[in-house]
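# Chain and residue survey
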Amino acid sequence: MESILIVCHDYYMSGANMALFDWIRNIKSKKYNLIILLPRYNKEVKELFEKNGCEVIIGNFVIALKKLSKGTMKSNIKEIIKLILSYTLNKIQKYRLKVALKNKNVVLIHSNSFAVTLGCELAMHMNIPHVWHIREFMKEDHQIQHYNMKKIDKLCEYSHAIFISNVVKEYYKKVNFKTKNIIYDNVFYKNDYKKNRKFMEDGKCNILLAGTLTENKGQLEAIKALEKITKLKEINLMICGKGPSQEQLKRYVDKNNLKNIKFLGHVVELEDIRKQVDIALNCSNKEAFGRITIEAMYYENLIIASNTGCNVELVGKNNYGYLYEKGNIQDLANKIIYAIENVIEVEQIVHNAKEYAIANYNVNISNKIFELYLDILRKDVHHERKS
């Protein structure tokens, strides 16, 4: 059987790896042997993919990206070390991986994030096709970019691209990929989920904000919006996630004595929490897709999101929630108050959003991805030369 090597940029269950896992566990007919390459060892992640029929290899390689946000001296030194390692260690690991894969009949390499370049470099060394799964804007959503953009341009010209939304494809319209394809992520839905709580049935409004605690995810914006309205209504904000902004956010909450804001840390499964949630926020600078937005729709939380990126497409296009002006704290506060005061309207929006999300994102995209592999393998000149 032919093998596909899928290269991950994270070794934990990040959003990209969760999206990968969701389409892999939906595979009905195994057309290829899937080999997952993780940058570092993680027992839980390794076993999760193995239980779903994948072989897992630990690559021991380094991801080095230029951070555009201001860092501490310690973090800056760490980034310089990572950059040096990426030039030295990755070169060694690339040749080791080529040897390790020699007898595995790998015919195509699929990089699961634009953040990782090793997959494309390895594909060029092995003279086989490469697919780049573009899940991020880089600068706008994660405040990162590649160090050597001339090198990235060459890697893109060698690669086929999968974009996870129209807005991401539009963002990269000037980049020369061999082919450009849109395949929206599927997001796993638990069919046995039951939410007994009606919107604010006890007179309290429970709000959830989930995601990595970074400046670009807008947690401070949400906290400040809650600060404006908690004197008017009984509102509780639960913040799930970890990240570099964690201490700054906690200091702000403590300093301003905001008792109704709780930090729950990293939570793997949010479904049980969502059963008690009325409103879910997405305050990101620019979402490439918005997994937490779809999950909010699935699990009957009204979504209030910033009017940027894919939020406009998922939420605003058909009124499946409310959009607020990104950066406008008062507008976010007003949207929350409006939702609280218009329960009947909200219940209809939540119902419509759930139907839309299940119909469009609780789907099996593995066939689309396999069809793309097949089409590339039929046409790609590098594959023909190898044959």
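All of the points below concern the structure found in this document. (Residues numbered from 1 in each chain as written. Predicted model: local features only at pLDDT ≥ 70, side-chain atom pairs only at ≥ 80, totals over all residues. Heavy atoms only, no water.)

### A short note on the nonpolar core
Within the largest apolar cluster, 58 residues are counted, with the highest numbers of intra-cluster contacts made by L5, I109, F114, I134, F177, I294 and M297. Top element by residues in this core is helix 4 (residues 118-126). It accounts for five residues. Every residue in contact with F114, bar those within four places of it in the chain, is listed here: W132, H133, I134, E136, M138, H146, I152, C156, Y172 and F177. C205, L237, I239 and I340 belong to the second-largest nonpolar core, a separate cluster that totals 34 residues. (Core = buried A, V, L, I, M, F, W, Y, C linked by side-chain atoms within 4.5 Å. Buried < 20%, exposed > 50% of the residue type's maximum accessible area, 1.4 Å probe, protein only. Helix = DSSP H or I, 4+ residues; strand = E, 2+ residues; numbered from the N terminus. Contact = heavy atoms within 4.5 Å.)

### Here's the deal with the packing of helix 4 against helix 6 (residues 149-158)
Direction vectors running N to C along helix 4 and helix 6 enclose 60°, while the axes themselves pass 10 Å from each other. With respect to each other, helix 4 and helix 6 are oriented oblique. At the point where helix 4 passes helix 6, the crossing takes the left-handed sense. Each of C120, E121, A123 and M124 in helix 4 lies in contact with helix 6, whose residues at this interface are K151, L155 and Y158. (Axes fitted to C-alpha atoms, helices over the stretch in contact; angles between N-to-C directions. Parallel < 35°, antiparallel > 145°, perpendicular 65-115°, else oblique. Left-handed = near helix turned anticlockwise from the far one by under 90°.)

### Regarding the packing of aromatic side chains
Taken as a whole, this structure holds 22 aromatic pairs when the rule is applied. Taking the centre distance of 5.4 Å and the plane angle of 80° together, the rings of F114 and Y172 count as edge-to-face. Of this pair, F114 sits in the loop between strand 5 (106-111) and helix 4 while Y172 sits in the loop between helix 7 (166-171) and strand 9 (180-182), and the two are 58 residues apart along the sequence. Judged by centre distance (5.9 Å) and plane angle (80°), the ring pair of F163 and F177 falls under edge-to-face. Pair noted here: F163 is in strand 8 (residues 159-163) and F177 is in the loop between helix 7 and strand 9, with a separation of 14 residues, a long-range link. The exposure classification of F163 matches that of F177, with both residues buried. Through a chain of ring-to-ring contacts, three or more aromatic side chains come together here, namely F114, W132, F137, F163, Y171, Y172 and F177. A cation over an aromatic ring shows up here: R25 above the ring of F188, its NZ or CZ 3.8 Å from the ring centre. Over the face of the ring belonging to F137 we find K286, whose NZ or CZ atom lies 4.7 Å from the ring centre. (Phe/Tyr/Trp six-rings, centres within 6.5 Å; stacked < 30°, edge-to-face > 60°. Lys NZ or Arg CZ within 6 Å of the ring centre and 35° of its normal.)

### Here's the deal with the environment of A222
You can see A222 is positioned in helix 8 (residues 219-229). For A222, a relative accessible area of 0% gives the class buried. Residues in contact with A222, not counting those within four places in the same chain, are L209, L237, L281, C283 and L332.

### Let's talk about helix 3 (residues 73-100)
Between its terminal C-alpha atoms helix 3 stretches 38 Å, which fits the 40 Å expected from 28 residues at 1.5 Å a residue. Of all the bends in helix 3, the largest measures some 35° and sits at S86. Along helix 3, the residues that are buried comprise E79, S86, N90, Q93, K94 and L97. In this structure, the buried residues of helix 3 make contact with strand 2 (33-38), strand 3 (55-58), strand 4 (66-67) and helix 4. (Expected span 1.5 Å × (residues − 1). Bend = angle between axes of the 7 residues up to and from the residue.)

### Things to note about the sheet that holds strand 15 (residues 322-324)
Judged by pairing direction, the sheet is parallel, and its six strands sit side by side in the order 12-11-10-13-14-15 without closing on themselves. Strand pairing shows two members of the sheet lacking a second neighbour, strand 12 (261-265) and strand 15, which therefore form its edges. Direction aside, the axes of adjacent strands within the sheet are offset by 25° on average. As judged from the four bridges shared by strand 11 (residues 235-240) and strand 12, these two strands associate in the parallel manner. Pairing of C240 across the sheet is with G265, part of strand 12. Along the sheet, helix 8 makes contact with strand 10 (205-210), strand 11, strand 12, strand 13 (279-282) and strand 15, crossing strand 11 at roughly 170°. Sheet contacts for helix 12 (residues 309-316): strand 13, strand 14 (302-306) and strand 15; angle to strand 15, the most-contacted strand, approximately 150°. (Pairing = 2+ DSSP bridges.)

### Here's the deal with the sheet that holds strand 5
A sheet is described by the order of its strands in space; here seven strands give the open sequence 3-2-1-5-6-8-9, paired in parallel fashion. One side of each edge strand has no neighbouring strand; the edge strands of this open sheet are strand 3 and strand 9. When the angles between neighbouring strand axes are averaged without regard to direction, this sheet yields 25°. For strand 1 (residues 3-7) and strand 2, the ladder comprises five bridges, and the chain directions are parallel. Paired with I6 across the two strands is I36, which belongs to strand 2. Those strands touched by helix 6 are strand 6 (130-134) and strand 8, and its axis lies near 85° from that of strand 8.

### So, the pattern of salt bridges
Close approach of charged atoms allows side chains with opposite charge to pair. Applying the stated rule across the entire model yields 23 salt bridges. Of the charged contacts, one joins K151 and E121 as a salt bridge, the two residues approaching to 2.6 Å between their closest N and O atoms. Of the two residues, K151 is situated in helix 6 and E121 in helix 4; the sequence distance between them amounts to 30 residues. Residue K151 is classed as partly exposed on the basis of its relative accessible area of 34%. Between K335 and D331 there is a salt bridge; the shortest N-O distance is 2.9 Å. Here K335 pairs with D331, and both are found in helix 13 (residues 329-341), just four residues apart, close to one helical turn. Put simply, D22, R25, R274, R291 and E295 are held in one network by salt bridges that share partners. (Salt bridge = Lys/Arg side-chain N within 4 Å of Asp/Glu carboxyl O.)

### Focus: the packing of helix 8 against helix 13
Between helix 8 and helix 13, the least distance of the axes is 8 Å, while the angle of their chain directions is 60°. Comparing their axes, helix 13 and helix 8 come out oblique. Here helix 8 runs over helix 13; the crossing is right-handed. For the pair formed by helix 8 and helix 13, the contact residues are E221, A222, K224, A225, L226, K228 and I229 on the first element and I329, Q330, L332, A333, I336 and I337 on the second. Across the contact of helix 8 with helix 13, the residue classes break down as nine nonpolar, one polar and three charged. (Nonpolar A, V, L, I, M, F, W, Y, C, P; charged D, E, K, R; others polar.)

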